[in-house]
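In case you want the letters, here they are:
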Amino acid sequence: MKQSVLKQFPAKSLALSTGKSLLFYFGDLSLCVSHHNYEWRTEYSYCKPVVGSAIGQYGKLIMERYAINAPGARISLAPRLADRAIVSRPLAPITLLPNSETTVYVGTPLWLDLKIDDILIKELSCVILSDTWFGRDTLQGELCYSTSTRARLDAKQLVRDSHKAITPIVISNQGIKSITLERINVPVPFLSLYQEKDGQFTTSTLAIVLEHNVIDAKLEIKPPLQADSLKKVADSSKPIKKAFVYRTLDLLFA
Amino acid sequence: MNSQLNSPTALPQALEDLLSGLLDHAWLANAWRAFIILLAGWFIAKLITKLTSRFTAEILSKHHQILIKRSLFWLIFSLFLISALHQMGFDLGVLVGAAGIVSVAIGFASQTSASNLISGLFVLSERCFEVGDIIRVGSSTGEVLSIDLLSVKLRTYDNLFVRIPNETIIKSEVINLTKFPIRRFDLHFGIAYKTDIDQARRVLLQVAEENPLCLDDPLPLILLQGFNSSSVDVQFSVWSTRQNYIALKNSIQEDVKRAFDREGIEFPFPHITFYAGSTFYTGADSAPLPIKHVGDSAKA
């Protein structure tokens, strides 16, 4: 079977005739999409891809079949953000002093939408993420994904990674007490995804204002800086509700 | 009087009197009115219950809806029934008196059922579990199929049907295994005394980190429970979503076993060291019993 290899998202949908397959590397994900008679197959595994290795040689291989009888079917691969909030744990906690403002850059892994003839058939993340619980206690909260982050404060030090989206979080502490960020709940489903000219993905900017009492926080989602030079790739998957805007501090940080 | 009844014309006359009584216009009119009242009552009760279920569809569970529908229907219909009986000319005071006596008799006879009925109302109002939850009552664990007036029905994991009277539910401890979104699994085991505890802790945390079903937060917990005769007892607690609890319970135990085998950490088994020597055990002075082969046993 003739195979093509892709290492970045194609700009447009691709035609894949019968007997051909497409191999796509995306972070830890190795995905092979093949077109057979009366069916399409996906085979994927999660591992650090080794050059020249067969897919599934390292890591468990998962194969799925889709009965689609459309000889001229086109496939499209599109990036998007996660379907749940992501709790990022800085490698070292950051303390924000009273009456100060800073911007923290957090990277969150991207997801991939695989469509055949505009029908969504598979959603895959670029890495396997752990689940975590984020909330006041074990009774109230939400199920999130968990990652770690360097939480850089200097945009020039950001490492370009085509499998992650950078979220700038502008935090303004208007209270009288310092705030230590040990975990940050990034409400990813409410953010839009953009792409810079060099291929780096970025999201809407999250602006958090910590009120005087340092218990309540006001959230605002703004377009990214230099939005004019960015290409919008995907809208937010969830609409922003009024109740979302005001949250207590323990629902954002911990 | 007897002679009148014995006369050949007495029976037809009595029949004629009865028939004329039955066909009395006033009585017939009352009967028709009562019938119309009952019919109207039935339709009105049906209409009201339908409207009620439509309004409560989003607020209440299906079970509560059925309960309210039935109760409301019979309440409304019984009002129309009383009105119909009154129309027919029945003295309701007599009925009430008779009903009082009957209810006392029924009450004595159905104490348990009444207790279950009232307990059922309390169970419903408390809402400590709902249809679909997994609960444990005594030695029975299962999925709640229905919460009825007299009992709660469960389906156990091995597909058995269990009926638990509501009175038992009210009186005993009920554990709802699916009330909260996340759940902790506690694994108790022992490690050998010679094991490096820090190494064991590192290995266990690594196992938790690599298991995708294990939540990163709340953090896994490792507690030393005590020093047993053959082992150091450890509790390893990890969290998962309630849907993944069984899968985590299976996988984490396998992962711990494999990781311990790989790292050379021993799961101890009970064993006794026996010291014997010329004196009672005094530590270094004792020597083990010498065992020497002296010969084959003589054949019989």
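Residues numbered from 1 in each chain as written. Chains lettered and ligands numbered in written order. Predicted model: local features only at pLDDT ≥ 70, side-chain atom pairs only at ≥ 80, totals over all residues.

J.: I would appreciate a short explanation of the overall build of chain B in the present structure.
T.: A tally of helices and strands in chain B yields nine helices and eight strands. Counting all 300 residues of chain B, 15% fall into the buried class. Intrachain contacts of chain B at a sequence separation of at least 6 include 63% that bridge at least 24 residues. (Helix = DSSP H or I, 4+ residues; strand = E, 2+ residues; numbered from the N terminus. Buried ≥ 20, exposed ≤ 12 C-beta atoms within 10 Å, placed from the backbone. Contact = placed C-beta atoms within 7 Å.)

J.: Explain the overall build of chain A here, please?
T.: For chain A, the count of helices and strands is one helix and 23 strands. When the 254 residues of chain A are sorted by exposure, 30% land in the buried category. Pairs at least 24 apart in sequence give 67% of the contacts found in chain A among residues at least 6 apart.

J.: Just checking my understanding: could you explain the environment of Leu39(B) for this structure?
T.: Along the chain, Leu39(B) turns up in helix H3 (residues 25-55). Measuring from C-alpha to C-alpha, the distance between Leu39(B) and Phe77(B) comes to 9.4 Å, with 38 residues separating the pair along the chain.

J.: What exactly am I supposed to notice about the confidence of the model for chain B here?
T.: Detail in the predicted coordinates should be disregarded across regions flagged by low pLDDT. Averaged over chain B, the pLDDT score is 84; the fraction of residues at 70 or greater is 85%. Confidence metrics for the complex model read pTM 0.69 and ipTM 0.77. (pLDDT = per-residue confidence, 0-100.)

J.: Looking at this model, I keep getting lost on the pairing of strand E3 (residues 20-26) of chain A. Mind explaining?
T.: Residue and element names in this part refer to chain A. Two strands pair when backbone bridges link them, and E3 and strand E4 (residues 29-36) are joined in this way by six bridges, in the antiparallel orientation. Bridging from a neighbouring strand, Phe-24 pairs with Leu-31 of E4. Hairpin remark: E3 followed by E4, antiparallel, with two residues in the connecting loop; positive phi at Gly-27, about 65°. (Pairing = 2+ DSSP bridges.)

J.: Looking at this structure, I do not really get the sheet that holds strand E17 (residues 184-186) of chain A. What am I missing?
T.: Backbone-to-backbone hydrogen bonds join strands into a sheet, with any given pair of strands oriented parallel or antiparallel. All names here are of chain A. Spatially, the four strands line up as an open sheet ordered E13-E14-E8-E17, and their pairing is mixed. Where the open sheet ends on each side, the last strands, each with one partner, are strand E13 (130-134) and E17. In this sheet, neighbouring strand axes are inclined to one another by 45° on average, regardless of whether the strands run parallel or antiparallel. Pairing between E13 and strand E14 (residues 142-149): five bridges, direction antiparallel. Along E14, the bridge assignment pairs Asp-131 with Tyr-145. (Axes fitted to C-alpha atoms, helices over the stretch in contact; angles between N-to-C directions.)

J.: I tried to follow helix H6 (residues 111-126) of chain B on my own but got confused; where do I start?
T.: All names here are of chain B. In this model, H6 (16 residues) spans 22 Å end to end at C-alpha, consistent with the 22 Å of a helix rising 1.5 Å per residue. The set of residues buried in H6 consists of Asn-116, Ser-119, Gly-120 and Val-123. The buried side chains of H6 occupy one side of the element, clustering within an arc of 115° when seen end-on. Across H6 from its buried face, at more than 90 degrees, point the exposed residues Gln-111, Leu-121, Phe-122 and Ser-125. The elements touched by buried residues of H6 are strand E2 (140-147), strand E3 (151-156), strand E4 (161-165) and helix H7 (166-171). Following H6 by one or two positions, Arg-127 adopts a phi angle in the positive range, close to 55°. (Expected span 1.5 Å × (residues − 1). Arc of directions from axis to C-beta.)

J.: Quick question: what am I supposed to make of helix H4 (residues 62-88) of chain B here?
T.: An α-helical turn contains 3.6 residues, so a residue and the one three or four places further along point in the same direction. Its 27 residues place the ends of H4(B) 39 Å apart at the C-alpha level, agreeing with the 39 Å of an ideal helix rising 1.5 Å per residue. Two residues or fewer past H4(B), Gly89(B) is found with a positive phi of approximately 100°.

J.: Got a minute to help me understand the confidence of the model for chain A in this structure?
T.: Per-residue pLDDT for chain A averages 83, and the proportion of residues at 70 or more is 86%. Looking over chain A, one finds the lowest element-wise mean pLDDT in helix H1 (residues 242-245) of chain A, namely 54, and the highest in strand E19 (residues 201-203) of chain A, namely 93.

J.: Just checking my understanding: could you explain the sheet that holds strand E7 (residues 221-227) of chain B for this structure?
T.: All names here are of chain B. With respect to topology, three strands assemble into an open sheet ordered E6-E8-E7, the strand pairing being antiparallel. The strands lining the two open edges of the sheet, one partner per strand, are strand E6 (182-191) and E7. Pairs of neighbouring strands in the sheet enclose a mean axial angle of 25°, with direction left out of account. Inspection of the sheet shows E6 paired to strand E8 (residues 232-241) by ten bridges, in the antiparallel sense. Across the sheet, the residue bridging to Ile-191 is Val-232, located in E8. Its contacts with the sheet put helix H9 (residues 245-263) on E6 and E8, and the angle it makes with E6 is roughly 25°.

J.: Teacher, can you tell me more about the interface of chain A and chain B here?
T.: How big an interface is tends to be stated in terms of the accessible area lost upon association of its parts. Taken together, the contact pairs ten residues of chain A with ten residues of chain B. Counting residues per element, the side of chain A that touches chain B draws most heavily on E13(A), at five residues. A class-by-class count of the residues in the side of chain A that touches chain B yields five nonpolar, four polar and one charged. (Nonpolar A, V, L, I, M, F, W, Y, C, P; charged D, E, K, R; others polar.)

J.: Got a minute to help me understand the nonpolar core in this structure?
T.: The nonpolar side chains of soluble globular proteins are, as a tendency, buried together. Leu81(A), Ile86(A) and Cys214(B) are the most contacted members of the largest nonpolar core, which totals 64 residues. With sequence-adjacent residues up to four places away left out, Leu81(A) is seen in contact with Thr108(A), Leu110(A), Trp111(A), Ala165(A), Val188(A), Pro189(A), Leu191(A), Leu193(A), Thr203(A) and Ala234(A). Core analysis: the next-biggest nonpolar cluster, separate from the first, contains nine residues, Val123(B), Ile135(B), Leu154(B) and Ile169(B) among them. (Core = buried A, V, L, I, M, F, W, Y, C linked by C-beta atoms within 7 Å.)

J.: When you look at the packing of helix H8 (residues 197-210) of chain B against H9(B) in this model, what are you seeing that I'm missing?
T.: Each pair of packed helices can be summarised by the angle the axes make with each other and by the distance between the axes. Residue and element names in this part refer to chain B. With their axes 10 Å apart at the nearest point, H8 and H9 run at an angle of 135° to one another. Between H8 and H9, the angle falls in the class oblique. Read as a crossing pair, H8 and H9 show a hand that is right-handed. Counting all contacts with H8, which are made through Gln-199, Val-203, Leu-204, Gln-206 and Val-207, the residues of H9 involved are Ile-252, Asp-255, Val-256, Ala-259, Phe-260 and Glu-263. Among the residues forming the contact of H8 with H9, the class breakdown is seven nonpolar, two polar and two charged. (Parallel < 35°, antiparallel > 145°, perpendicular 65-115°, else oblique. Left-handed = near helix turned anticlockwise from the far one by under 90°.)

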